[in-house]
Amino acid sequence: MGYANGLLCPQGKQPLLSFGVISDVQYADIPDGRSFLGVPRYYRHSVSVLQRAVQKWNEEKPMFVLNFGDIVDGFCPKDQSMIAVKKIVNEFDKFNGPVYHMIGNHCLYNLPRKDLLPLLRIPGHDGRAYFDFSPIPEYRFVILDAYDISAIGWLENHPNTAKALKILQERNPNSDKNSPNGLVGPERRFLKFNGGVGEEQLEWLDHVLQESTKLNQNVVVCCHLPLDPGASSLSALCWNYDEVMDVIHHYNCVKVCLGGHDHKGGHSVDSHGVHHRVLEAALECPPGTDSFGHIDAFDDRLSLFGTDRMKSTEMVFGH
């Protein structure tokens, strides 16, 4: 492994494992555009970023890769959605190892869950997209479904759609539920392009963290939506990030929460010493630049080695 961007391998130790990371590829076969805030977006170039990432990962040989969601963009023409998703999945599949995908809002703009989850080989149940895995005894990775309660992705008559619409009606007075106008502070998160974690998933998370505590594992929680206001724009947060973090803070095993969605990226350490690292988007890389990386996991830290837009970050547990 290379130790670029000023990070050093602690005390010359070998990592327990390494894994690749990338977020918000948001590919579409359309001309470049801009976000609603005017930030340039490079829809066709993002596949080149992914291709260079896979090439690099195959050289570095991490154990697996995590994709933090939004595999294709919402502006992708709907008659091309299936083709576009399959194209990007095919690029990920060129990595010589397992790839674990998360779903994001742009994924759900393109395809319903019943089509999306099998394409991404997400081992959920009843259309849900949360799961966990333990690649080595010392570590467990928990993948959350941030659009469990959501106004996108479920059928219109699904109970989770009804719950989401009720939340939006109560918390966002705007007729356009993607507008944060008049919403102050963390209340700005109650937008239609965000979502929440349902009660059943929260119970499952509690059970998984209980087991990990017994096994003395370090846990990394992964979620498309950020879970801490200090690491993210307030309008990008998970609707019930506070409830999710209440469960997480009940245990000492969760060391780091990794996320995407908020394209500029961010890093914070919360009041319980949990690191929150939101990854910079591949979509916003001008031609010739990149945003991906790999993370080395030690018994006391995660070390992110990023390329170009993705900043390298040292996450020492409890600091």
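Residues numbered from 1 in each chain as written. Predicted model: local features only at pLDDT ≥ 70, side-chain atom pairs only at ≥ 80, totals over all residues. Heavy atoms only, no water.

The name recorded for the protein in an unreviewed UniProt entry is Manganese-dependent ADP-ribose/CDP-alcohol diphosphatase, from Anisodus tanguticus. Turning to the protein, the UniProt annotation filed under Cofactor (unreviewed entry) states: "Mg(2+)". (UniProt positions renumbered as here; feature names shortened; annotations may be inferred.)

Chemist: Can you tell me about the pairing of strand β12 (residues 293–297), naming the residues and giving the values?
Modeler: Where burial is concerned, most of β12 is hidden: 5 out of the 5 residues are buried. In β12, alternate side chains face the same way, and those of Gly-293, Ile-295 and Ala-297 on one face and His-294 and Asp-296 on the other are all buried. Bridge analysis of strand β1 (residues 17–22) against β12 gives 5 bridges, and the strand direction is antiparallel. Among the inter-strand pairings, Phe-19 is bridged to a residue of β12, identified as Ile-295. Bridge count between β12 and strand β13 (residues 301–306): 5 bridges; the pairing is antiparallel. Bridging across to β13, Ile-295 finds its partner in Leu-304. Count of turn residues in the β12/β13 antiparallel hairpin: 3 residues. (Buried < 20%, exposed > 50% of the residue type's maximum accessible area, 1.4 Å probe, protein only. Helix = DSSP H or I, 4+ residues; strand = E, 2+ residues; numbered from the N terminus. Pairing = 2+ DSSP bridges.)

Chemist: So what's going on with the UniProt feature "domain: Calcineurin-like phosphoesterase" (unreviewed entry) in the protein? Which residues, and what values?
Modeler: Under the local residue numbering, the UniProt record ascribes the feature "domain: Calcineurin-like phosphoesterase" (unreviewed entry) to residues 18–264. Between the first and last C-alpha atoms of residues 18–264 the distance is 24 Å; the span itself is 32% helix and 16% strand.

Chemist: How would you summarise empty space enclosed by the protein if you had to cite specific residues and measurements?
Modeler: Taking a probe equal in size to a water molecule and rolling it over the atoms shows the remaining empty space. One pass over the structure, following the stated rule, counts 1 cavity of 30 Å³ or more. Forming the walls of the largest cavity are Cys-223, Leu-225, Pro-226, Leu-227, Asp-228, Ala-231, Cys-257, Leu-258, Gly-259, His-276 and Val-278. Looking at the lining of the largest cavity, the elements that each hand over two or more residues are β9 (254–259) and β11 (275–278). (1 Å grid on protein atoms, 1.4 Å probe; cavity = no way out; pocket = protein on both sides within 12 Å on 5 of 7 lines; lining within 4 Å. Points joined across faces, edges and corners; volume = space filled by probe spheres on them.)

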